[in-house]
Amino acid sequence: MQPTPSLATLLDAATAATPHVRTIPGFYVRSRPHGFAAHICASPQNLCEVRQLTSTELLAQGVKVDTVDSAQLVLSELVGNSVRAYGDHVPLVVEVYVTSYGVAVNVHDPDPSALPRRRATPLDSPEAETGRGLALVDLLAPGWHVRRSAIGKQVRCRVPAESGWE
C-alpha cells in the first residue's frame, strides 16, 4: 500500500497545476504543522471536502483509522451545530492537526455569544432525531471547551490517540 501524500504535497501539486484557480468556491486551505486550517463557507460540498481533507492529512501523519473516523465525526457535529445556529453558508474556520496527545479539531464561527448547549437527549433514545451531537463529542473528545477568538468563538476539541502515532 502506498503512503498517503501529505497536505503540503497535495497543496503544492494543486498550486503548480493551477496557480490562480480556486476549484471550490468558499473553500481556502492553509497548511499548518501536522495539519491544516480550512476557511470555508459552510455547505454540504465544503463539509465533504474538509472531511476528506481531514482523512487524507491525518492518515498521512500516521494517525490510526479509528481516530481519523472520530475526528471526522467531531468535525461534522461542530460544523453542523454552527450551520443550525447561523444558517447555511456561515463562514467558518476549521483547524485539524496532530499533537502529542491526539488530534485537535477546532471550529471557529462568527458569534462569540451563542454557546453550544448540551441537551438531555440520551444517546440510545430511539425516538430522538436530533440533540445527541454534543453528547457524541463528549464521548469522542472529552474535555472540549469554548473560548472567544478574533473571529468570534472557537470550539476546541482533542480526540485522544494512542501514544506512538508518530
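1. Quick notes on the overall build of the protein
Next, step 1: Helix and strand content of the protein: four helices and six strands.
Next, step 2: Ordering the α and β elements of the protein from the N terminus gives α-β-β-α-α-β-β-α-β-β.
Next, step 3: Among the 166 residues that make up the protein, the fraction classed as buried is 41%.
Next, step 4: Carbon and sulfur atoms make up 55% of the accessible area of the protein, which amounts to about 9400 Å² in all.

2. Remarks on the sheet that holds strand β5 (residues 145–148)
Next, step 1: The sheet built from six strands is open, its strands ordered β1-β2-β3-β4-β6-β5 with antiparallel pairing. At either end of the open sheet lies a strand with only one pairing partner, and these are β1 (27–32) and β5. This sheet shows a mean twist of 20° between the axes of neighbouring strands, independent of strand direction.
Next, step 2: Note that β5 and strand β6 (residues 153–160) share four bridges and pair antiparallel. Its bridge partner lying in β6, R148 is registered against K153.
Next, step 3: Along the sheet, helix α3 (residues 65–86) contacts β3 (91–99), β4 (102–109) and β6; its crossing angle with β4, the most-contacted strand, is approximately 10°.

3. What about the confidence of the model for the protein?
Next, step 1: Looking at the protein, the pLDDT average stands at 80 and 71% of residues meet or exceed 70.
Next, step 2: This model gives residues 14–22 a pLDDT under 50, and the stretch forms one contact once residues within four places in sequence are excluded.

4. So, the nonpolar core
Next, step 1: Grouped together as the largest cluster of nonpolar side chains are 32 residues, with contacts concentrated most on L58, V74, V94, V103, V105, V137 and C157.
Next, step 2: At six residues, the largest contribution of residues to this core is made by α3.
Next, step 3: Contacts of V94, omitting those with residues within four sequence positions, involve F36, A37, A38, I40, V50, L75, V79, N106 and V107.

5. Considerations on the packing of helix α2 (residues 44–60) against α3
The axes of two packed helices give the description: the angle between them and the distance between them.
Next, step 1: As a packed pair, α2 and α3 sit with axes 10 Å apart at the nearest point and diverge in direction by 155°. When the axes of α2 and α3 are compared, the pair comes out roughly antiparallel. In the crossing of α2 with α3, the sense of the turn from one axis to the other is right-handed. Each of L47, V50, R51, Q52, T54, S55, L58 and L59 in α2 lies in contact with α3, whose residues at this interface are V65, V68, A71, Q72, L73, L75, S76 and V79.
Next, step 2: A class-by-class count of the residues in the contact of α2 with α3 yields 10 nonpolar, five polar and one charged.

6. A closer look at the pattern of salt bridges
Next, step 1: Counted by the stated rule, this structure contains two salt bridges.
Next, step 2: Among the salt bridges present, the one from E95 reaches R32, with a minimum N-O distance of 3.1 Å. Separated by 63 residues along the polypeptide, E95 in strand β3 and R32 in strand β1 bring together distant segments of the chain.
Next, step 3: Taking the shortest distance from any N to any O, the salt bridge between D109 and K153 comes out at 2.9 Å. Taken together, the residues span a long stretch of sequence, with D109 in strand β4 and K153 in strand β6 at a distance of 44 residues. Of the two residues, D109 and K153, both sit in the buried class.

7. A few points about α2
At 3.6 residues per turn, the α-helix brings residues three or four places apart onto the same side.
Next, step 1: With 17 residues, α2 extends 24 Å from end C-alpha to end C-alpha; this agrees with the ideal 24 Å at 1.5 Å per step.
Next, step 2: When α2 is considered as a whole, its buried residues turn out to be N46, V50, L53, T54, S55, T56, E57 and L58.
Next, step 3: After α2 finishes, the residue G62 shows a positive phi value of roughly 90°.

Cut-offs applied
Residues numbered from 1 in each chain as written. Predicted model: local features only at pLDDT ≥ 70, side-chain atom pairs only at ≥ 80, totals over all residues. Heavy atoms only, no water. Helix = DSSP H or I, 4+ residues; strand = E, 2+ residues; numbered from the N terminus. Buried < 20%, exposed > 50% of the residue type's maximum accessible area, 1.4 Å probe, protein only. Areas by Shrake-Rupley, 256 points an atom, 1.4 Å probe, with all protein chains shown as cover. Pairing = 2+ DSSP bridges. Axes fitted to C-alpha atoms, helices over the stretch in contact; angles between N-to-C directions. Contact = heavy atoms within 4.5 Å. pLDDT = per-residue confidence, 0-100. Core = buried A, V, L, I, M, F, W, Y, C linked by side-chain atoms within 4.5 Å. Parallel < 35°, antiparallel > 145°, perpendicular 65-115°, else oblique. Left-handed = near helix turned anticlockwise from the far one by under 90°. Nonpolar A, V, L, I, M, F, W, Y, C, P; charged D, E, K, R; others polar. Salt bridge = Lys/Arg side-chain N within 4 Å of Asp/Glu carboxyl O. Expected span 1.5 Å × (residues − 1).

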